[in-house]
Amino acid sequence: MALRRVLGLGAALGRRSFCSKQPLPPDFVEALRAVVGAPNVSTATAVREQHGHDESMHDCAPPDAVVWPQAVEQVQELAALCHRCRVPMVPFGTGTGLEGGVNAVQGGVCFDLSRMDAITELSLEDFSVVVEPGVTRKALNKHLRGTGLWFPVDPGADASLCGMAATGASGTNAVRYGTMRPNVLNLRVVLPDGRLLHTAGPGRQPRWAPGGARKGRDGTGRDGCPPAPRSPPSRRKRAAGYDLTSLFVGSEGTLGFLTQATLRLHPLPEAVAVTTAAFPSVRAAVACTVQVLQAAVPVARIEFLDEVMVEACSRFSKLELPAAATLLLELHGSRRGLAEQQQQTEEIVQLNGGSSLAWAKQLEEREQLWAMRHSAWYAALALRPGCQGYSTDVCVPISRLPDVVVETKQDLQDSGITGPMVGHVGDGNFHCIIVFNTQDPAEARRVHAFTERLGRRALAAGGTCTGEHGVGLGKRALLREELGQEGLDTLRSIKTALDPHNLMNPGKVL
């Protein structure tokens, strides 16, 4: 509560209690049970609290009820019921977001979509797969083993794939394979009033035989019957009308429920090599990143860690790395091509004063290095036990990256804030993981002031206030500054057209 008060989040959360502003209509919970069955509806306090927050610092704001639909028809019926009764709706995947996107600030019904977990169609020839919202990133890649394909978008957490689409997630592989936006080919969306929309057209989705047979993760039909013949493959390019798929990617649950996604798959590389390089300064490390990209080295991942983060990760993961600004690089390619890429990378690293490189090519060695990187959040929290963490998420043009990172590093030091830096610098995206005492109002004010300066520094450099975490509850003011009034009014017009009663995830983004 102290943090919310100090950072001015009370208004954003509506200062609501565990009840919605408008109580649920009489017999409404019974109507929910009539749709999905009593075992798939809960009003228990513990369950509601579990669904009232994500991994962010925002206070828990529980819904009034939680439902677990298991088919798109149930989602449609539940949405139509909520729409008729003017009850807010909040989609929920795995709860791994970082901007309060699942907090039910106006109460209502939380739709937990985790039990819709079928991988309904896989086309190796078309490099595409169709998944339901309960399928996570790791589950999909496990399903793809032995096919020679994978889904590379990796935000770190084992998030649900439709949730990743909803937040416009990216991660360590974005510099080579892109963010979620170019990797989503089609979406099946249940609109706020229960209508069904296929963003790239319904003909691009699989047609199943009567009875709704759908493949489970083992490829068999859920009812024991083989699936019906599949539909025509998803198109790779189109110029037909507005790009509705991109509209819903990054919409953060404010326009509808993403109940199915057709995703782009990629071939597994023949050879992979990973290395770390230590540099004499933050500027040298970031400048090396820019030069690697300018030299057209097809780097798959290039991650930056400042000396504070490296030391924290080394201690947490029990690895021995020098406490210096560091790049963690991964190259993908053929065995022959990889040797040339490694030579190019080594030359650029040396030109920037970097350490000599030792390449990890064995899977176990590579996984150990990336496990260290993915543990950065917990390594940072371990710097100040008992304190809370908050991750910033700005993204700037590559040309401005060295200056912005150095200025931010100086700002952290001048402000007396513990905020180790880490980032996907190959696409200009970096994070400060700020660890602070939420019970210290003075420190919390310094943190708030720093995050505001950082967001505006990114905007002044031609960047964005959020590269991958989304706007959620905390960045709505910065979104206004980023888009301008006309841009914001356009977003509101779209929201009003699709959700005139503001029932879908109210209080987020706008």
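Description of the structure in this document. (Residues numbered from 1 in each chain as written. Predicted model: local features only at pLDDT ≥ 70, side-chain atom pairs only at ≥ 80, totals over all residues. Heavy atoms only, no water.)

1. Topic: the overall build of the protein chain
Next up, step 1: A tally of regular secondary structure across the protein chain gives 17 helices and 18 strands.
Next up, step 2: Across the 510 residues that make up the protein chain, the buried fraction comes to 56%.
Next up, step 3: Contacts in the protein chain between residues at least 24 apart in sequence constitute 73% of all its contacts with a sequence separation of at least 6. (Helix = DSSP H or I, 4+ residues; strand = E, 2+ residues; numbered from the N terminus. Buried < 20%, exposed > 50% of the residue type's maximum accessible area, 1.4 Å probe, protein only. Contact = heavy atoms within 4.5 Å.)

2. Notes on the packing of aromatic side chains
Next up, step 1: Tallied over the entire structure, the rule returns two aromatic pairs.
Next up, step 2: One cation-aromatic arrangement involves Arg301 over Trp370; the distance from NZ or CZ to the ring centre is 4.0 Å. (Phe/Tyr/Trp six-rings, centres within 6.5 Å; stacked < 30°, edge-to-face > 60°. Lys NZ or Arg CZ within 6 Å of the ring centre and 35° of its normal.)

3. Thoughts on helix 16 (residues 441-460)
Next up, step 1: The terminal C-alpha atoms of helix 16 lie 28 Å apart, and with 20 residues this matches the ideal 28 Å at 1.5 Å per residue to within 8%.
Next up, step 2: All of the buried residues in helix 16 are Glu443, Ala444, Val447, Phe450, Thr451, Leu454, Gly455, Arg457, Ala458 and Leu459.
Next up, step 3: Measuring from the side-chain oxygen of the N-cap residue of helix 16 to the backbone nitrogen of Ala442 gives 3.1 Å; that N-cap residue is Asp440.
Next up, step 4: Immediately downstream of helix 16, the backbone of Gly462 shows phi near 85°, a positive value. (Expected span 1.5 Å × (residues − 1). Polar contact = N/O pair within 3.5 Å; in protein donor to acceptor, adjacent residues only side chain to side chain.)

4. Notes on the layout of surface pockets
Next up, step 1: Considering only enclosed or pocket space, the second largest pocket measures out at about 760 Å³ in volume.
Next up, step 2: Lining the second largest pocket are 36 residues, with Gly250, Ser251, Glu252, Leu491 and Val509 positioned closest to its centre.
Next up, step 3: Taken together, the elements giving at least two residues each to the lining of the second largest pocket come down to helix 9 (244-248) and helix 17 (476-498).
Next up, step 4: The element best represented in the lining of the second largest pocket is helix 17, accounting for eight residues.
Next up, step 5: Of the residues in the lining of the second largest pocket, the class split is 13 nonpolar, 15 polar and eight charged. (1 Å grid on protein atoms, 1.4 Å probe; cavity = no way out; pocket = protein on both sides within 12 Å on 5 of 7 lines; lining within 4 Å. Points joined across faces, edges and corners; volume = space filled by probe spheres on them. Nonpolar A, V, L, I, M, F, W, Y, C, P; charged D, E, K, R; others polar.)

5. Notes on empty space enclosed by the protein
Next up, step 1: Per the stated rule, a full pass over the model turns up three cavities of 30 Å³ or more.
Next up, step 2: Taken as a whole, the second largest cavity holds about 40 Å³ of empty space.
Next up, step 3: A per-element tally of the lining of the second largest cavity places strand 15 (residues 388-391) first, with three residues.
Next up, step 4: Partitioning the lining of the second largest cavity into residue classes produces four nonpolar, three polar and one charged.

6. Description of the nonpolar core
In a soluble, globular protein the nonpolar side chains are often hidden away together inside.
Next up, step 1: Judged by nonpolar contacts, the single largest core of 44 residues is most densely connected at Phe279, Phe304, Leu327, Val405, Phe430 and Cys432.
Next up, step 2: Of all the elements in the fold, those that place two or more residues in this core are strand 12 (271-279), helix 10 (282-294), strand 13 (299-305), strand 14 (325-333), helix 12 (335-351), helix 15 (401-415), strand 18 (429-436) and helix 16.
Next up, step 3: Here the element with the most residues in this core is helix 10; it accounts for six residues.
Next up, step 4: Counting residues in each nonpolar core, the second largest holds 29 residues, with Ala139, Met164, Ala165 and Met180 among its members. (Core = buried A, V, L, I, M, F, W, Y, C linked by side-chain atoms within 4.5 Å.)

7. Considerations on unusual backbone geometry
Next up, step 1: Phi angles above zero are rare outside glycine, and Lys318 is one such case at about 60°.
Next up, step 2: Within the element layout of this structure, Lys318 appears in the loop between helix 11 (307-317) and strand 14.
Next up, step 3: Classification of Lys318 by relative accessible area gives exposed; the value is 72%.

8. Let's talk about the sheet that holds strand 3 (residues 89-92)
Next up, step 1: Reading across the sheet, the four strands line up as 1-2-4-3 and stay open at both edges, with mixed pairing between neighbours. For this open sheet the edge positions go to strand 1 (41-42) and strand 3, each flanked by a neighbour on one side alone.
Next up, step 2: Bridging between strand 3 and strand 4 (residues 109-112) involves four bridges; their strand directions are parallel. Its bridge partner being in strand 4, Phe92 is matched across the sheet by Asp112. (Pairing = 2+ DSSP bridges.)

9. Examining the side chain of Asp154
Next up, step 1: In this structure, Asp154 sits in the loop between strand 7 (149-150) and helix 6 (161-167).
Next up, step 2: At 3.2 Å, the side chain of Asp154 forms a polar contact with the side chain of His374.
Next up, step 3: Contact partners of Asp154, with chain neighbours within four places excluded, come to Arg137, Ser170, Gly171, Thr172, Asn173, Arg301 and His374.

10. Thoughts on the pattern of salt bridges
Next up, step 1: Across all of its chains, the model carries 20 salt bridges by this definition.
Next up, step 2: Here Glu270 makes a salt bridge to Arg335, at a shortest N to O gap of 2.7 Å. Placement of Glu270 in the loop between strand 11 (266-267) and strand 12 and of Arg335 in helix 12 is noted, with a sequence separation of 65 residues between them.
Next up, step 3: Judged by relative accessible area, Arg335 falls into the exposed class, the value being 59%. (Salt bridge = Lys/Arg side-chain N within 4 Å of Asp/Glu carboxyl O.)

11. So, the pairing of strand 17 (residues 421-424)
Next up, step 1: What you see with strand 17 is no split at all: Met421 and Gly423 on one side and Val422 and His424 on the other are buried throughout.
Next up, step 2: Where strand 17 lies against strand 18, four bridges are found, and the strand directions are antiparallel. In the sheet register, Val422 faces strand 18, and the bridge partner there is His431.
Next up, step 3: The antiparallel pairing of strand 17 with strand 18 creates a hairpin that spans four residues between the two strands, and Gly428 there sits at a positive phi of about 80°.

12. Some details on the packing of helix 10 against helix 15
Next up, step 1: In contact at an axis separation of 9 Å, helix 10 and helix 15 are set at 155° when each is read in the N-to-C sense. As summarised for this structure, helix 10 and helix 15 are arranged roughly antiparallel, according to the angle between their axes. The handedness of the crossing between helix 10 and helix 15 is right-handed. Residue-level contacts link Val282, Arg283, Val286, Ala287 and Val290 of helix 10 to Leu401, Pro402, Asp403, Val405, Val406 and Lys409 of helix 15. (Axes fitted to C-alpha atoms, helices over the stretch in contact; angles between N-to-C directions. Parallel < 35°, antiparallel > 145°, perpendicular 65-115°, else oblique. Left-handed = near helix turned anticlockwise from the far one by under 90°.)

13. Quick notes on the sheet that holds strand 10 (residues 257-264)
Next up, step 1: The strand order 5-6-10-8-9 describes an open sheet built from five strands, whose pairing is antiparallel. Lying at the two open borders of the sheet, with one neighbouring strand each, are strand 5 (119-123) and strand 9 (196-198). When strand polarity is set aside, the average angle formed by the axes of neighbouring strands in this sheet is 10°.
Next up, step 2: Here strand 8 (residues 184-190) runs beside strand 10; their pairing, made up of six bridges, is antiparallel. If you follow Val184 over to strand 10, its bridge partner there is Leu263.
Next up, step 3: Helix 4 (residues 72-85) contacts strand 8, strand 9 and strand 10 of the sheet and is inclined by roughly 50° relative to strand 8.

14. Points about helix 13 (residues 363-374)
Side chains that are three or four residues apart share a direction in an α-helix, a result of its 3.6 residues per turn.
Next up, step 1: For helix 13, spanning twelve residues, the distance from its first C-alpha to its last is 16 Å, which sits close to the expected 16 Å at 1.5 Å a residue.
Next up, step 2: Residues Arg366, Leu369, Trp370, Met372 and Arg373 constitute the buried set of helix 13. Down the axis of helix 13, the buried set is contained in an arc of 150°. They therefore lie on one face.
Next up, step 3: Tucked into the core, helix 13 has its buried residues touching strand 12, strand 13, helix 11, strand 14, helix 14 (376-381) and strand 17. (Arc of directions from axis to C-beta.)

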